[in-house]
Amino acid sequence: MFIGREKELASLSELYHRAGFGMTVIYGRRRIGKSTLISEFIKGKKAIFYTATKVGKERNMELFSKRVTAVLDPALADVSFPSLESTFDFISRKSGSEKLILVIDELPYWAEKDESLLSVIQKYIDTEWVDKNLMIILCGSALSFMENKVLSEKSPLFGRRDSQIKLEAFNYKESALFVPDYSLEEKAICYGITGGVAKYLSMINPEKSLDENIKNLYFHTDGYLYDEARNLIAQEFTDVTLVNNVMEQVASGVNTVNNIAQKIGESLPTVLYSLDKLIRIDLVQKKKCITEEKNRKKVQYVLKDHMFKFWYAFIPNATSVIEMGQGDLYYDKIVRPNLHAYMSSVFEDMCRYYTLEQGIQGAFGNFITNVGTWWGTETMESSSGKHQQSADIDVVGISDIDKTVVLGECKFKNDKTDKSVYDLLLRRSASISAKYHIIKYLFFSLGGYTKWVQSVNNNAVVLLTLDDLYQPQRVK
């Protein structure tokens, strides 16, 4: 069953129904669902769908030509074309009034071994196909290649595309569609262990319990996600040990370049180089304090991909136990009791997404266009005097139009959110109020709220639960 991607399908459909030639580029990290999206789109349409592989220039050309003849003239299935140009000439001759779709999936596998490929495509777009009823889709998982070689100004194809789609992971609401009968808490955890990646979500069996699915996917040696993080890093990098060391540090909360370099005994340029590569493939992101985005000293590196976050949190320490066939026991004893603690950062991401989604609609009384986090220090008073301590605010939603802000605190716990959490957010809001006018205090809680919090007589306070996060309507 195909789920979601309505916006992307609409974009592709619009281009398809436009008369004449059109080209789009689709790219995104591995497992994100690019091929599935294209397969869904071309259903019932005349299409040549070729997936390139790491077999070199000549073999890719041979396999591509066979796919072309299989679609356009099956009687010529055994015919071999001497060059790519002759294959493209054949496509030109066979193009008629019916729209034809030409898909080259995993384009980098072919183009990296054939430097002329993109230039040949460009030549045919400009000369042979410009008046044809033809739609080309170029697709790839190697983000740096697609951005630098296909989309950039230096590419032979620059200026030829009509659109591009960078396919992202599903958000938490879309991810819930894969497990419609799960509770909201279970849906949130499914998002937290898959990161909204289409392939991983499709591996969840909705007829089994959440615990069974996590065990089967992560804590059995034949589980699809048991070796997934290792495999993806091995596919993307040659310096696997270095990258893995950097990822382990970031996953454990060591999030500045200096501290990472010190922990793994590498130079700053070496660590920065690895971090830049991890950012390019969407596994790590550079996080800035939202009120000081130009402050280069206030930068943290965090894992962007929740699957990797879960994997590094639990799998490395469990490997020997899982290899002995006791992964289920490890999950029951170690992982299950710590799932809520793991989900805290995931829940914060969900709440920030919700705040931006609702804030764009004006649900909080302003027009929010930027949501992030704040961290710094706060001054505390005690019997021994004043002292500084580190502090952070989970959700900060800013409206630059009128310099207003909403602040939020998130708790993914079964315990009810109480007065201490309320007091903490209001106290820390003093660090923001000098720059922005605070119009709402948002509280997000899995376990609900104590009577004291519910009785707070303050129109600026908004109490939210998972029910609110999974509902489409706006906050009042």
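All of these numbers come straight from a predicted model, not from anything done at the bench.

A. Highlighting the sheet that holds strand S3 (residues 100–105). With respect to topology, five strands assemble into an open sheet ordered S2-S3-S4-S1-S5, the strand pairing being parallel. Looking at which strands have only one partner, the edges of the open sheet turn out to be strand S2 (47–51) and strand S5 (163–166). Recorded for the sheet is a direction-independent mean angle of 10° between the axes of neighbouring strands. Inspection of the sheet shows S2 paired to S3 by five bridges, in the parallel sense. What sits directly across from Ile48, in S3, is Leu102.

B. Quick peek at the side chain of Ser175. Checked against the element boundaries, Ser175 lands in helix H8 (residues 172–176). For Ser175, a relative accessible area of 1% gives the class buried. Among residues more than four places away in sequence, those in contact with Ser175 are Phe170, Tyr191, Gly196 and Leu201.

C. Representation of the packing of helix H12 (residues 228–236) against helix H16 (residues 306–323) in the model. For the pair H12 and H16, the least separation of the axes is 9 Å and the interaxial angle reads 110°. Accordingly, the angle class assigned to the pair H12 and H16 is roughly perpendicular. Contacts from Glu228, Ala229, Arg230, Leu232 and Ile233 of H12 reach H16 at Met307, Phe308, Trp311, Tyr312 and Thr319. For the contact of H12 with H16, a count of residues per class yields seven nonpolar, one polar and two charged.

D. Layout of a nonpolar patch on the surface. Together, Ile360, Phe367 and Ile401 make up a nonpolar patch on the protein surface, roughly 320 Å² of accessible area in all. Counting through the fold element by element, Phe367 comes out in the loop between helix H18 (339–360) and strand S8 (370–382).

E. Just the pattern of salt bridges, in detail. Scanning all chains against the criterion turns up 24 salt bridges. A salt bridge links Glu40 to Lys43; the nearest nitrogen and oxygen atoms lie 3.0 Å apart. Looking at Lys43, the relative accessible area reads 56%, which means it is exposed. In this structure, Glu378 and Arg428 form a salt bridge, with 3.3 Å as the shortest nitrogen-oxygen distance. Note that Glu378 is positioned in strand S8 and Arg428 in helix H19 (residues 419–428), a separation of 50 residues in sequence. Comparing Glu378 with Arg428, the two get one shared label, buried.

F. Seen up close, the nonpolar core. Tyr218 and Phe219 are the most contacted members of the largest nonpolar core, which totals 100 residues. If one sorts the elements of this core by residue count, H16 sits on top with nine residues. If you look at the next biggest cluster of nonpolar residues, it comprises 40 residues, including Ile48, Tyr50, Phe64 and Leu72.

G. Examining the sheet that holds strand S9 (residues 385–399) more closely. Judged by pairing direction, the sheet is mixed, and its five strands sit side by side in the order S8-S9-S10-S11-S12 without closing on themselves. Among the strands making up the open sheet, the edge pair consists of S8 and strand S12 (461–464). Ignoring strand direction, the axes of neighbouring strands in this sheet form an average angle of 30°. Examined bridge by bridge, S9 and strand S10 (residues 404–411) share five bridges and lie antiparallel to one another. Across the sheet, residue Gly397 finds its bridge partner in S10, namely Val406.

Basis of the calculations
Residues numbered from 1 in each chain as written. Predicted model: local features only at pLDDT ≥ 70, side-chain atom pairs only at ≥ 80, totals over all residues. Heavy atoms only, no water. Pairing = 2+ DSSP bridges. Helix = DSSP H or I, 4+ residues; strand = E, 2+ residues; numbered from the N terminus. Axes fitted to C-alpha atoms, helices over the stretch in contact; angles between N-to-C directions. Buried < 20%, exposed > 50% of the residue type's maximum accessible area, 1.4 Å probe, protein only. Contact = heavy atoms within 4.5 Å. Parallel < 35°, antiparallel > 145°, perpendicular 65-115°, else oblique. Nonpolar A, V, L, I, M, F, W, Y, C, P; charged D, E, K, R; others polar. Patch = residues over 30% accessible without salt bridge, like charges linked within 9 Å, V, L, I, M, F, W, Y side chains within 5 Å. Areas by Shrake-Rupley, 256 points an atom, 1.4 Å probe, with all protein chains shown as cover. Salt bridge = Lys/Arg side-chain N within 4 Å of Asp/Glu carboxyl O. Core = buried A, V, L, I, M, F, W, Y, C linked by side-chain atoms within 4.5 Å.

Just distances and angles here, no functional claims.
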